[in-house]
Amino acid sequence: MKQVFDRPQSLVDVPFHFCPGCHHGIVHRLVGECIDKYGVREEAIGVASVGCSVFLYDYFDADVFEAPHGRGAAVATGVKRARPENFVFTYQGDGDLAAIGTAEIIHAANRGEPITVIFVNNMVFGMTGGQMAPTTMPGQETTTTPFGRDPKTNGFPMKMAELLAGLEGTTFVARAAVNNIKNLMRAKKMLQRAFEAQINDQGFGFVEFLSACPTNWKMTPKQANERVNNEMIPYFPLGIFKGEAN
Amino acid sequence: MKQVFDRPQSLVDVPFHFCPGCHHGIVHRLVGECIDKYGVREEAIGVASVGCSVFLYDYFDADVFEAPHGRGAAVATGVKRARPENFVFTYQGDGDLAAIGTAEIIHAANRGEPITVIFVNNMVFGMTGGQMAPTTMPGQETTTTPFGRDPKTNGFPMKMAELLAGLEGTTFVARAAVNNIKNLMRAKKMLQRAFEAQINDQGFGFVEFLSACPTNWKMTPKQANERVNNEMIPYFPLGIFKGEAN
Amino acid sequence: MYFDSLIAGFGGQGVLLMGNILVYAAMEEKKHVTFMPVYGVEMRGGTANCTVVISDREIGSPIIQSPVSVIAMNLPSMEKFAPRIKKGGLLVVNASLIPEEEVRFKGIECLHIPSRELALEVGDERLANMVVLGATVQKSGVVGMKALKRALVPALDPRYHKMIEKNIRGMERGAEFVKHGS
Amino acid sequence: MYFDSLIAGFGGQGVLLMGNILVYAAMEEKKHVTFMPVYGVEMRGGTANCTVVISDREIGSPIIQSPVSVIAMNLPSMEKFAPRIKKGGLLVVNASLIPEEEVRFKGIECLHIPSRELALEVGDERLANMVVLGATVQKSGVVGMKALKRALVPALDPRYHKMIEKNIRGMERGAEFVKHGS
Amino acid sequence: MGMIEFRFERCKGCGLCVLACPKELLSVGSVTNRAGYPVAQIDSMEECTGCAICAEMCPDVVITVFK
Amino acid sequence: MGMIEFRFERCKGCGLCVLACPKELLSVGSVTNRAGYPVAQIDSMEECTGCAICAEMCPDVVITVFK
Amino acid sequence: MGAIEAGCRFYFGYPITPQNDIPEYMSRHLPEVGGTFIQAESEIASINMLLGAAATGARAMTSSSSPGISLKQEGISYLCGSQIPGVIVNMCRSGPGLGGISPSQGDYFQATRGGGHGDYRTIVLAPHSVQEAYGLSMKAFDLADKYRNPVVILGDALLGQMKEPLKKYKYRKKEFKKDWIMTGAKGREKRRLKSLYLADGELTDHNWMLYKKYQRMKREIMFETQFMEDARLVTVAFGSVARILKSAVEMAREKGMKVGLFRPITIYPFPYEALDKISQSVHNFMALELNTGQMIEDVKLAVGHKKNQVDFYGRPPGSIPSPDELFQEVKSVYMKRIG
Amino acid sequence: MGAIEAGCRFYFGYPITPQNDIPEYMSRHLPEVGGTFIQAESEIASINMLLGAAATGARAMTSSSSPGISLKQEGISYLCGSQIPGVIVNMCRSGPGLGGISPSQGDYFQATRGGGHGDYRTIVLAPHSVQEAYGLSMKAFDLADKYRNPVVILGDALLGQMKEPLKKYKYRKKEFKKDWIMTGAKGREKRRLKSLYLADGELTDHNWMLYKKYQRMKREIMFETQFMEDARLVTVAFGSVARILKSAVEMAREKGMKVGLFRPITIYPFPYEALDKISQSVHNFMALELNTGQMIEDVKLAVGHKKNQVDFYGRPPGSIPSPDELFQEVKSVYMKRIG
Ligand SMILES: Cc1ncc(C[n+]2csc(CCOP(=O)(O)OP(=O)(O)O)c2C)c(N)n1
Ligand SMILES: Cc1ncc(C[n+]2csc(CCOP(=O)(O)OP(=O)(O)O)c2C)c(N)n1
Ligand code: SF4
Ligand code: SF4
Ligand code: SF4
Ligand code: SF4
Ligand code: SF4
Ligand code: SF4
Ligand SMILES: [Mg+2]
Ligand SMILES: [Mg+2]
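Residues numbered from 1 in each chain as written. Chains lettered and ligands numbered in written order. Predicted model: local features only at pLDDT ≥ 70, side-chain atom pairs only at ≥ 80, totals over all residues. Heavy atoms only, no water.

Student: Honestly, the overall build of chain C in this entry has me stumped. Any pointers?
Tutor: What chain C contains, in helices and strands, is 7 helices and 6 strands. Secondary structure elements in chain C, listed N-terminal to C-terminal, are β-α-β-β-β-α-β-β-α-α-α-α-α. Against the compact-globule benchmark of 16 Å for 182 residues, chain C has a radius of gyration of 15 Å, which places it among compact chains. Dimensions along the principal axes, computed over C-alpha positions, put chain C at roughly 40 × 40 × 35 Å. Each of the 182 residues in chain C was classed as buried or not, and the buried ones make up 55%. Put simply, 57% of the contacts in chain C that link residues at least 6 apart link residues at least 24 apart. Here chain C has roughly 7500 Å² of accessible surface; of this, 54% comes from carbon and sulfur atoms. Distance from the positive charge centre (22 side chains) to the negative charge centre (19 side chains) of chain C: 3 Å. (Helix = DSSP H or I, 4+ residues; strand = E, 2+ residues; numbered from the N terminus. Rg over C-alpha atoms; globule rule 2.2 N^0.38 Å. Buried < 20%, exposed > 50% of the residue type's maximum accessible area, 1.4 Å probe, protein only. Contact = heavy atoms within 4.5 Å. Areas by Shrake-Rupley, 256 points an atom, 1.4 Å probe, with all protein chains shown as cover. Lys, Arg positive; Asp, Glu negative; His and termini not counted. Charge placed at Lys NZ, Arg CZ, Asp CG, Glu CD.)

Listed below in structure tokens is the structure:
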């Protein structure tokens, strides 16, 4: 018997600190698989955001360092301009990228910085205990929307993929999910395209991952996966919004 | 003979400090005319941004106060939430709204704050001496793009009207110009719609005014007006991007 | 009178709820009390914990370097916090998740509570934390059982007030186990 | 040796260029010199101004409360700065834009330069500022005309070097006007 | 039929009114106001229709129009 | 034809693998690891096709697959 | 709770451990009293929303922890420049950078000297218990309105996360002059709020006026002293360090050491005169802080000019000293200085 | 110019009067030497781009003026937390808020005490002429690399806009240990840069290490003294105030007054010892600043402990004192103290 599935080399062999059923773990592995696939571990420079994924530097066997909350896109701009030959990627949550980091991500995308952005949208602020995020669903209860998010006062969930796809500077913009095997396989393809956009010097690559956060959704991992299907995907349609499939 | 055209009452009878041929003066007058038309001078609370329009509080006979650079949309949110019965408007330049204020304007629009935003896009940072703005044209020389704006490193001009029209929270989003009488008359109509969006409690109103800045474009007022026609309008199409005409 | 307890386990074992009930119980008996939860990243999947200090004098620091008692709901929290217990202190162990042989601490009293089994007896596995709480209060006598039960009302979110009855039975079962050794 | 001059006018009159030329002229003659432009909002349509200080000793503050000389290129700047001139100082007035009767200052020397007319004589209305500069240098003797002309090279942006000849003629016409009174 | 008035001191001589007037009645001469700006003027008032286009285009609200 | 291995201490008992297995061969029992999480297990290895779907869906890279 | 009791009807904030209890509480309870809660997109947006609401005369509040407070420094400088009231709560966590979420007093300079640009000061209140925090929250709104200036409440992660029994009490409503607020120029002249003064000397006068206001704030100085009667060594600490130190001083007293405790409650305006008066009789002082030396500068400025001795114990943020540890530190200084 | 001469190849900035000459100069001249200029969308984006570029070992710089510097405080705290070098130039303008564009020294506390959160310090250099600014720019990059810490150059609107003849000179390249930079883990272990330390006590140790580093910076203290030989009154000022004061002191000397001038060039680390030594012989000091009293606290901390007298003249930002005005102030203090 031959081994057909194993941990990607670029992932350090340590346990994740994530809660049971958290999709951060899956997305981390997909990123590791892409780094292995394109052999960029030694060129990779990762920019960790502030959220449940803040320990990115513990989990990847590559140079990774910390950006202040929301500033990943600006930090990565500085890195890529200083070392264009390196593979530069950021891994950011929905609070980090779509709330405090709105200006930074939009302007990095508008400048067409040739970086790869992994955006985990789990509809809450995970690390700080489940507050409303810009992507929280209307009516969704969080610790700062105890009566459910009211679009009239808190606005509608923000569709970052569509928003960034509208900027001329972007090369590849897509949205994926990892809540079932079909979506997960498609997600792999999309992430590969985003990697290629940088590796082939085409430009700015961005993949939004709809992700479950069972702890703050107060759901079991099974229910959380279902919620991604029933609630998230209808509002946040999956697909490639800019650039072609590989 | 009857008087058919005079200074709007809501404009204080003092000279403008703007340079000769600067469209800020025209836009100020259009705002004054709308305030008179809807009789909201006594309810108006204006939020002045930081740019050549920083002296808004000197020119309008209404309560107007100063927001830090880029923060007009957030300050106006605070005002409108505190006094919903007042007519709240901001008057911002392209550096103020589209550069440092990107996050604030997008989230205020996303929340659908019922405020009226007057956005003067003159493709430069006027007050600070003509640096590049997010809306500067490719190839356009400014004091920080001496060799002309290079989209590869400085990105493409940002189309704020299209970007905000994509957000569900917005009610009326349009782009106008005041470089000739036809455009100016259409601009008046659009500004009225943006006023009505707030006065009729429909929601967030936004009008982008393509404007000339002869001094920093190093052009005569005549040439500047032509540039609005030949260079700006093709890239920044005029029209209503969201909400219907009146 | 002075008592403090560090209650630890992994997120979802209701560790902070146990702390809150103890706090309201102390308030019922007009005692000085402080409650200090440890939130943030350690809580994710790791050990979540809180410290309750009860005294009849004003309380200084709500964080205790060497606590008088520790309630360990799972193995990692026992390993992390039991060594800090003051000489002669009390370690309450959730025996359902912590095998006997793992508990090798000298100079302190150890109380093994088969919380899951006792909770199942009373009808609901999720009452494990109430069982341990009842046992600890019985053992230490820090507050009366009456105050402990009455504390459920302020401590529980109104949505869970229908569970009060079951929680009380869980507490009693734990106390009984300590009294009669089974 | 000490000399300072506040040169003011509205944006577009080349006020800052006059200051820059004076600075490079002083550097040509190995003198200490400082240049202080006033940018920002006042400049928009209002009075733009700069202060040049030339001395053979280290210069303290580049901003002078009461300058030895003021060059006023338009009425508002004359009204704003002329009152600050030290007793016995020099006021150079751009007579083309400032009518004679507006100039009523006691205790200082006033020099009226019909800059527009003189500039037209030399062939280009935009040389008005060069005319006034030549006149001022001639009158005050702060730097030699040779150094003033040579200063045009570093002071002018390479794109305008083709204008150097015309600028020199403007300066000379201004100097001549002071020497011969017409 | 129409008549326009200029607020002499407010004009900055930008010439936008001159461009806009459909009858091409306006021009910016050599007369300057206190601030030193050359001021716009109307060459023949009779032909003015009072359409107010010049006033609409003026950045400094210099022109008042009568009809 | 297929075989899978679990890293016992890494499993958090989330059950996503159980959901994903097309053959429904997996389950989360009452056996807990050191951290106190109930661990996933395979009920009949023979029927496993080695398709690795369970491993793909696992958030903690617990399962290694052989074919 | 104190804030709502004092009539605060507007809260703008952004989540950050360890102060999340405040926005979470406000999101639930402000709507109940007809108030407005907004979770802004960032700390900068929240301080500017406060600026907008407060400009209309509303009582508004924002809260965050260290990194978030650094992002509000420009906003606070603008509030001072335009003289707009507001209450800013900082549950200080350990830094610098992301640092950690354990208690710290590393933001003392930022709060008392102004982390923003320009010459400005804010009143800074430093509670050391939940009960005191409740009272000071109400006082903060009065002070903000009285001086038309932002007021900072400097707590820390200990205070931010801990729970203690609280005796609630009624807030006595005070009236303040509101002839400057933005309400729409109906039946009155228009009003203006700005911090830009470009005319010659205008800003200098404006800054003189602000300076005099900051001097007048000296009337609001509050501090607490214990065991001072026969003290030979006076320990100085604020917030939760003062709380832990109290147990340590009690231990020292039991051992017969004549140690006093001086706890500033307002750390701006700092109680310089009070400390100076004490230094007429006591010549040994000791500052204890959860940082590497910030408040000690104010203690030195207060008593440093005579032949007084100012000792220091600093515990860099990241871990909390126990009462015993502080007792050992106090004892070693006492032995060295007094013997 | 000095920066480029010292090998700075990355500039990230945002326009603000009165420092626009710097970004405008860099936008033209950096590309000529293969460098990168970005006008970022805001000051926050620019300090974070600097953080990114500097993390790879590149020499990077950003500049702004007061309001923009307030927005960079969080970023500066992160640079200190992760020990990443960088040069930040503040051409201080008058505040608070929008204030004005005239010179000011109102940001002294922000620069020397850290306007951001947490216990951190940055070396702060205060040039008083274009020539000195040129030299200090080069030194700033060496100090930043030597201590792996951001370095602040505190100028003001006077220095920012003024032109003076400049003698350029070659920068002597120094080598610095770069075993921490992000370059991709090729043929070596992976590297990490962070400021988050959550394990018990880990952050305390980290902060102790940073504290010791800040103490080591004392070696870099620079100051200049003039007319000190027989001085009876020593005036203390930095930057452009020191420049204006020099003319005033010359006037005083001509009038026979024994006045000395002490000009700190590094205002962090502040030359406490040097001033203290002087106070053995001279007992009268006078601090002169373009604010309402900030550096005076450091002067008092340096000499305040003996029977020395520290006088003060503060001109709030908004207008600039002339040499005569300063002369009058110095004279009145001299007459009062020395007679
Ligand atoms: C300036 C600043 N503001 C706020 C925080 C607190 N904080 C830490 S993580 C986080 C948000 C995490 O949410 P998200 O980005 O969605 O990541 P997730 O945890 O959901 O993966 C926040 C607000 C901070 N560290 N710095
Ligand atoms: C935080 C901050 N950054 C920068 C500035 C400097 N500043 C003043 S006006 C301005 C931009 C003006 O450009 P724009 O918004 O386009 O207005 P315009 O002058 O073109 O009408 C800038 C950057 C400031 N005052 N505050
Ligand atoms: S809180 Fe949510 S996002 Fe964070 S680790 Fe847990 S499940 Fe994942
Ligand atoms: S600089 Fe441009 S925007 Fe500003 S007043 Fe002059 S023309 Fe108008
Ligand atoms: S009113 Fe009409 S016709 Fe008369 S001058 Fe003006 S534009 Fe020309
Ligand atoms: S448009 Fe107005 S300012 Fe311009 S020239 Fe005509 S009248 Fe004068
Ligand atoms: S490899 Fe496939 S068949 Fe085997 S257990 Fe996993 S999912 Fe089921
Ligand atoms: S998916 Fe992974 S972590 Fe979850 S139960 Fe299966 S093996 Fe365990
Ligand atoms: Mg999230
Ligand atoms: Mg602009």
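From this point, the narrative continues.
Student: Would you mind going over the interface of chain G and chain H with me for this structure?
Tutor: By convention, interface size is frequently given as the accessible area that disappears when the constituent parts associate. Contact with chain G, which involves 60 residues of that partner, is made by 60 residues of chain H. Surface buried jointly by chain G and chain H totals about 4700 Å² across both partners, of which 59% is contributed by carbon and sulfur atoms. The interface formed by chain G and chain H holds 2 salt bridges in total. The residue Arg 113 of chain G makes a salt bridge to Glu 297 of chain H at a minimum N-O spacing of 3.0 Å. Secondary-structure elements contributing two or more residues to the side of chain G that touches chain H are α4 (67–71), α5 (73–82), α6 (108–114), α9 (202–216) and α12 (295–303) of chain G. Considering only residue class, the side of chain G that touches chain H consists of 21 nonpolar, 30 polar and 9 charged. (Buried area = accessible area lost by both parts, 1.4 Å probe. Salt bridge = Lys/Arg side-chain N within 4 Å of Asp/Glu carboxyl O. Nonpolar A, V, L, I, M, F, W, Y, C, P; charged D, E, K, R; others polar.)

Student: Mind showing me how you'd approach the coordination of the magnesium ion (ligand 9) here?
Tutor: Under perfect tetrahedral coordination by four donors, a metal shows angles of 109.5 degrees; under perfect octahedral coordination by six donors, it shows angles of 90 or 180 degrees. All names here are of chain A. Asp 94 (OD), Asn 122 (OD1) and Val 124 (O) make up the full set of protein donors to the magnesium ion (ligand 9), lying at 2.0 to 2.2 Å. Between consecutive donor residues of the magnesium ion (ligand 9), the sequence gaps follow D-x27-N-x1-V. With Asp 94 in helix α4 (residues 94–100) and Asn 122 in the loop between β5 (116–121) and β6 (124–125), this residue pair connects regions lying 28 residues apart in the sequence. By relative accessible area, Asp 94 is classed as buried at 2%. (Donors = N, O, S within 2.8 Å, 3.2 Å for Na, K, Ca; no water.)

Student: Hey, could you run me through the site of ligand 2 in this one?
Tutor: Near ligand 2, the surroundings consist of 23 residues, among which His 24, Asp 94, Gly 95 and Asp 96 of chain B together with Glu 43 of chain H are the closest. Bordering ligand 2 are residues originating from chains B, G and H. Contact distances for ligand 2 include 2.8 Å between an oxygen atom and a backbone N or O atom of Cys 52 of chain B. At 2.2 Å, a side-chain N or O of Asp 94 of chain B approaches an oxygen atom of ligand 2. At the level of elements, α4 (94–100) and β6 (124–125) of chain B are the ones that each hand at least two residues to the shell around ligand 2. (Near = heavy atom within 4 Å. Polar contact = N/O pair within 3.5 Å; in protein donor to acceptor, adjacent residues only side chain to side chain.)

Student: Would you explain the coordination of the magnesium ion (ligand 10) in this entry?
Tutor: Every protein donor of the magnesium ion (ligand 10) is listed here as Asp 94 of chain B (OD), Asn 122 of chain B (OD1) and Val 124 of chain B (O), and their distances to the metal cover 2.0 to 2.2 Å. One chain supplies every donor to the magnesium ion (ligand 10), and in sequence these donors are spaced D-x27-N-x1-V.

Student: Whenever I open this one, the site of ligand 4 confuses me. Can you help?
Tutor: Near ligand 4 you find 11 residues, and of these Cys 19, Cys 22, Cys 52, Cys 213 and Asn 216 of chain B are the closest. Among the chains of the assembly, those with residues near ligand 4 are chains B and D. It is helix α9 (residues 214–217) of chain B that contributes the most residues to the shell around ligand 4, 3 residues altogether. Looking at the shell around ligand 4 residue by residue, the class counts come to 6 nonpolar, 4 polar and 1 charged.

Student: So what exactly am I meant to see when it comes to the relation of the copies chain G and chain H here?
Tutor: Both copies of the chain are related through a single rotation about an axis accompanied by a shift along the same axis. Taken as rigid bodies, chain G and chain H are interconverted by a rotation of 180 degrees and an axial shift of 0.0 Å, the fit giving an RMSD of 0.0 Å. Here the copies are linked by what is in effect a two-fold axis. (Least-squares fit on C-alpha atoms with pLDDT ≥ 70 in both.)

Student: I would appreciate a short explanation of the arrangement of the chains in the present structure.
Tutor: The protein chains that touch form 16 pairs of chains, and the pair with the most contacts between them is chains G and H. Looking at chain D next to chain F, you find no contact at all, with the nearest C-alpha pair sitting 57 Å apart. The smallest C-alpha distance separating chain E from chain G is 19 Å, and no contact links them.

Student: How should I be thinking about the packing of helix α11 (residues 272–281) of chain H against helix α12 (residues 295–303) of chain H in this particular structure?
Tutor: Relative orientation and spacing of two packed helices are given, respectively, by the angle between their axes and the distance between those axes. Residues and elements named next belong to chain H. Relative to each other, α11 and α12 sit at 55 degrees, their axes nearing to 8 Å. Put simply, α11 runs oblique to α12. Every pair of crossing elements has a handedness; the one defined by α11 and α12 is right-handed. Contact residues: Tyr 272, Leu 275, Asp 276 and Ser 279 in α11; Asp 298, Val 299, Leu 301, Ala 302 and Val 303 in α12. Residue classes in the contact of α11 with α12 are distributed as 6 nonpolar, 1 polar and 2 charged. (Axes fitted to C-alpha atoms, helices over the stretch in contact; angles between N-to-C directions. Parallel < 35°, antiparallel > 145°, perpendicular 65-115°, else oblique. Left-handed = near helix turned anticlockwise from the far one by under 90°.)

Student: How do you make sense of the sheet that holds strand β11 (residues 266–268) of chain H when you look at a structure like this?
Tutor: Hydrogen bonds between backbone groups are what pair the strands of a sheet, and the pairing can be parallel or antiparallel. All names here are of chain H. Judged by pairing direction, the sheet is mixed, and its 7 strands sit side by side in the order β2-β1-β3-β4-β6-β5-β11 without closing on themselves. The sheet is open, and its two edges are formed by β2 (36–39) and β11, each paired on a single side. Taken pair by pair, the neighbouring strands of this sheet meet at an average axis angle of 20 degrees, ignoring direction. Of the pairings in the sheet, the one linking strand β1 (residues 10–13) to strand β3 (residues 60–64) comprises 2 bridges and is parallel in character. (Pairing = 2+ DSSP bridges.)

Student: Can you help me understand the packing of aromatic side chains in this one?
Tutor: Any aromatic ring pair is given by two values, namely how distant the centres are and how the planes are angled relative to each other. Residue and element names in this part refer to chain G. Taken as a whole and assessed by the stated rule, the structure comprises 36 aromatic pairs over all chains. Relative to Phe 238, the ring of Tyr 108 has its centre 5.5 Å away and its plane inclined at 45 degrees; by these criteria the two rings are tilted. Of this pair, Tyr 108 sits in helix α6 while Phe 238 sits in the loop between β9 (233–236) and α10 (239–254), placing them 130 residues apart in sequence. In this pair, the class of Tyr 108 matches that of Phe 238, namely buried. (Phe/Tyr/Trp six-rings, centres within 6.5 Å; stacked < 30°, edge-to-face > 60°.)

Student: Help me understand helix α2 (residues 21–29) of chain H in this model?
Tutor: Each α-helix winds once per 3.6 residues, and so residues spaced three or four apart point in a common direction. Listed in full, the buried residues belonging to α2 of chain H are Ile 22, Pro 23, Glu 24, Met 26 and Ser 27 of chain H. Along its buried surface, α2 of chain H packs onto β7 (131–132) of chain B together with α1 (2–5), β1, β2, β3 and β4 (86–92) of chain H.

Student: Quick question: what am I supposed to make of the environment of Pro 271 of chain G here?
Tutor: Residue and element names in this part refer to chain G. Relative to the assigned elements, Pro 271 resides in the loop between β11 (266–268) and α11 (272–281). Residue Pro 271 is classed as buried on the basis of its relative accessible area, which comes to 1%. C-alpha separation for the pair Pro 271 and Ile 221, spaced 50 residues apart in sequence, amounts to 6.1 Å. Setting aside chain neighbours within four positions, we find Pro 271 in contact with Ile 221, Phe 223, Phe 262, Pro 264 and Thr 266.

Student: Sorry if this is basic, but what is going on with the side chain of Lys 213 of chain H here?
Tutor: All names here are of chain H. Mapped onto the secondary structure, Lys 213 falls in helix α9 (residues 202–216). This buried residue, Lys 213, is left without a salt bridge; Asp 145 holds the nearest opposite charge, at 11 Å. If near-sequence neighbours (up to four positions away) are discounted, Lys 213 is found in contact with Gln 83, Tyr 147, Arg 148 and Asn 149.

Student: I tried to follow the packing of helix α3 (residues 115–122) of chain C against helix α7 (residues 164–180) of chain C on my own but got confused; where do I start?
Tutor: All names here are of chain C. Axis separation between α3 and α7 bottoms out at 9 Å; the angle between their running directions is 130 degrees. Our classification of the angle between α3 and α7 gives oblique. As for how α3 packs across α7, the hand of that crossing is right-handed. Between α3 and α7, the residues in contact are Leu 118, Glu 121 and Val 122 and Lys 166, Arg 169, Gly 170, Arg 173 and Phe 177, respectively. Residues belonging to the contact of α3 with α7 are distributed by class as follows: 3 nonpolar, 1 polar and 4 charged.

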